[in-house]
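Each chain, written out:
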Amino acid sequence: MGSIVAKFGGSSLADASQMEKVRNIVMANRDRRFIVPSAPGKRFDGDTKVTDLLYELKHTVEYGKDHKKVFAKICKRYIEIRDALGLSIKIEDYLSQVEQDILEGESSDYTASRGEYLNGLLLADYLGFEFIDAADVIKFDRRGKYDQSTTMDLLAHRLRDVDYAVIPGFYGSMPDGGIKTFSRGGSDITGAIVAAGAEADLYENWTDVDGFLMADPRIVPNPRKIDCLTYRELRELSYMGANVLHEDAIFPVFQAAIPINVRNTNHPEETGTM
Ligand code: ADP
Ligand code: ASP
Ligand code: MG
């Protein structure tokens, strides 16, 4: 059996109909073994990403304002997905725990990371895959710097006997157990790290565009797609602001010589950019 790590971005997991597309993609190739989800993103123009709602939640609690309204918005996102997919997971219990932890002073990183954590729980249930908490396998040192050697050892050990799993993106943990996130867009980094740790054959990055384009489609209409580019060219473009893929998501797979394939969840028939 080959092994593919597939990371799905926020818009790919924004609601139940997007989740259905993700399930079809995952099930279409049994080599897609390790799935890295983002938090639910924007469903439409002007919508708010769950990660942004979570930062707002932390802010309201910190400043002693009423947090109930924004917390209810967050709950609604997950409960709607759970119900529309007909899942039985008691996501309310996890949500209450998150609320309690934040009221008791849990950090901003912890709060933000729950977007991916809760979405990972839903997705694992939907796919019938094991859930592996990123806090157990992605590690940072005391200063908050990503700890590659510890993470590689933990991942290799943890994934050795696992056929299929969901590992939430964006966060890991520090030696004292506290949650630490990567910078915004960091689920791309988790995907790359899991690909290296699993010695995957391919790192698929599923997003909302047909691949790496010659320009940002939000600025230039209908830019041409790039079929193939080198790690170096990708790094240069990412650094220059073509933020399809987080710039720190390149090194882990480059080092392990794992190809990256950027693809569109809404057009899975397209081959994307290699
Ligand atoms: P995800 O939520 O899946 O991680 P992102 O929003 O982080 O997705 O990245 C995909 C977006 O990157 C696209 O919707 C597009 O607007 C933007 N983008 C910027 N530059 C480019 C480019 N050169 N090629 C393709 N997409 C680009
Ligand atoms: N949800 C996080 C963010 O919005 C991480 C990610 O989507 O990659 O930045
Ligand atoms: Mg992104």
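Residues numbered from 1 in each chain as written. Chains lettered and ligands numbered in written order. Predicted model: local features only at pLDDT ≥ 70, side-chain atom pairs only at ≥ 80, totals over all residues. Heavy atoms only, no water.

Novice: Go over the overall build of the chain with me, naming the residues and quoting the values.
Specialist: Check the secondary structure of the chain and you find ten helices and eight strands. Taking 274 residues into account, the globule formula puts the C-alpha radius of gyration at 19 Å, and the chain, at 18 Å, falls close to it. Within the chain, the proportion of its 274 residues that are buried is 51%. In the chain, the proportion of contacts linking residues at least 24 apart, taken out of those at least 6 apart, comes to 71%. Summed over all atoms, the accessible surface of the chain reaches about 13,100 Å², with 48% contributed by carbon and sulfur. Side chains of the chain give 33 positive and 43 negative charges; the mean places of these two sets differ by 2 Å. (Helix = DSSP H or I, 4+ residues; strand = E, 2+ residues; numbered from the N terminus. Rg over C-alpha atoms; globule rule 2.2 N^0.38 Å. Buried < 20%, exposed > 50% of the residue type's maximum accessible area, 1.4 Å probe, protein only. Contact = heavy atoms within 4.5 Å. Areas by Shrake-Rupley, 256 points an atom, 1.4 Å probe, with all protein chains shown as cover. Lys, Arg positive; Asp, Glu negative; His and termini not counted. Charge placed at Lys NZ, Arg CZ, Asp CG, Glu CD.)

Novice: Pulling in residues and values, what's your account of unusual backbone geometry?
Specialist: Even without being a glycine, Phe170 presents a positive backbone phi close to 85°. Relative to the helices and strands, Phe170 is located in the loop between β4 (165-166) and β5 (171-173). One non-glycine residue, Ala257, adopts positive backbone phi at about 55°. Counting through the fold element by element, Ala257 comes out in the loop between α10 (251-255) and β8 (260-264). Take Ala257: its relative accessible area is 60%, and that puts it in the exposed class.

Novice: Tell me about the environment of Ile167, and name the residues and values.
Specialist: Relative to the helices and strands, Ile167 resides in the loop between β4 and β5. On the basis of relative accessible area, Ile167 is assigned to the buried category, the value being 0%. As a C-alpha pair, Ile167 and Phe129 span 38 residues in sequence and 9.9 Å in three-dimensional space. Beyond its immediate stretch of four places on either side in the chain, Ile167 contacts Ile35, Val36, Pro37, Ile132, Ala134, Val137, Leu159 and Val194.

Novice: Which residues make up the sheet that holds strand β7 (residues 202-207), and what values do they have?
Specialist: Pairing is parallel in the open sheet, where six strands are placed in the order β3-β4-β2-β1-β7-β8. Two strands bound the open sheet, and with one partner strand each, they are β3 (130-131) and β8. As paired elements, strand β2 (residues 32-37) and β4 share two bridges and run parallel to each other. Within the sheet, the bridge partner assigned to Ile35 lies in β4 and is Val166. (Pairing = 2+ DSSP bridges.)

Novice: Tell me what's going on with the pairing of β2, and back it up with residues and numbers.
Specialist: The element β2 is largely enclosed, with a buried count of six among its six residues. Bridge count between strand β1 (residues 4-8) and β2: five bridges; the pairing is parallel. Counted as the bridge partner of Val5 is Phe34 from β2. As for the winding sense of the linkage, the β-α-β connection from β1 through helix α1 (residues 16-28) to β2 is right-handed. (Right-handed = clockwise from strand over helix to strand, strands pointing away.)

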